[in-house]
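The residues making up each chain are set out below.
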Amino acid sequence: MAVSHPALNHIEKTRADAYRKEIDQEENIWRSLPFFAATLALQLAVVVQTTQRFAALQGVWMWTGRALLVAAGVHSLLALVFLARSIALARFRYVAPEPDLLAYAKALVEDERNDAGVATAHTVETLKLALVDQYAIATQHNRRINNHRQWCRSVADLLTLASVLGTLLLAATLFTP
């Protein structure tokens, strides 16, 4: 069987690599969950440990402490909302299942043998073009999902940092007067 065109080989390889990268990205979202859980647990521990000091606060310190507590709580809640959006169910696209690809390849070979008596590079190129098309469509679709998830996770990261800062300022406020 003859070898297909080098340009087609190259585009198939690059599309396959891009496809695999987008599929791998789906798993990266889940790896960041322990960071969020640990951060929220730490903040909750700080808030629980400092609630007794609220009764001693007066005037500006009381209002500052309450505002920081509310701000930290709102930031944490919003972080959880964006975190949930980053792991929400989404339907990824995949290339055709292996049995379907194998059946397609066998049909191509059989059709070409019936026409020319032997399979040629045209069969390989037709199969590679079909794969490249599937890779391109699936990669673009999956990339949109991953980009949205990464954006949501980044917003959740920023909100978590704002919440941590609010919690630290709350602790400082409660121990300052």
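In this text, all values refer to a predicted model and were calculated from it rather than measured experimentally. (Residues numbered from 1 in each chain as written. Predicted model: local features only at pLDDT ≥ 70, side-chain atom pairs only at ≥ 80, totals over all residues. Heavy atoms only, no water.)

S.K.: Summarise the environment of lysine 106; cite the residues concerned and give the values.
M.R.: Along the chain, the position of lysine 106 falls in helix 4 (residues 98-116). With a relative accessible area of 54%, lysine 106 lands in the exposed category. In the structure, lysine 106 is positioned 17 residues away from threonine 123 in sequence and 9.7 Å away in space, judged by C-alpha atoms. (Helix = DSSP H or I, 4+ residues; strand = E, 2+ residues; numbered from the N terminus. Buried < 20%, exposed > 50% of the residue type's maximum accessible area, 1.4 Å probe, protein only.)

S.K.: I'd like a rundown of the packing of aromatic side chains, residues and numbers included.
M.R.: In this structure the tally under the stated criterion is three aromatic pairs. Measuring from centroid to centroid gives 5.3 Å for tyrosine 19 and tyrosine 135, while their planes differ by 45°, and the two rings are tilted. Taken together, the residues tyrosine 19 in helix 1 (residues 6-31) and tyrosine 135 in helix 5 (residues 121-175) connect sequence positions 116 residues apart. For tyrosine 19, a relative accessible area of 10% puts it in the buried group. Among the residues examined, tyrosine 135 registers a relative accessible area of 12% and is labelled buried. Arranged with centres 5.8 Å apart and planes meeting at 70°, the rings of phenylalanine 82 and tryptophan 151 form a pair that is edge-to-face. Residue phenylalanine 82 is located in helix 3 (residues 59-86), and its partner tryptophan 151 is located in helix 5; the two are separated by 69 residues in the primary sequence. Given the relative accessible area of 48%, tryptophan 151 is considered partly exposed. Positioned over the ring face of tryptophan 63 is arginine 66, at 5.4 Å from the centre of the ring. (Phe/Tyr/Trp six-rings, centres within 6.5 Å; stacked < 30°, edge-to-face > 60°. Lys NZ or Arg CZ within 6 Å of the ring centre and 35° of its normal.)

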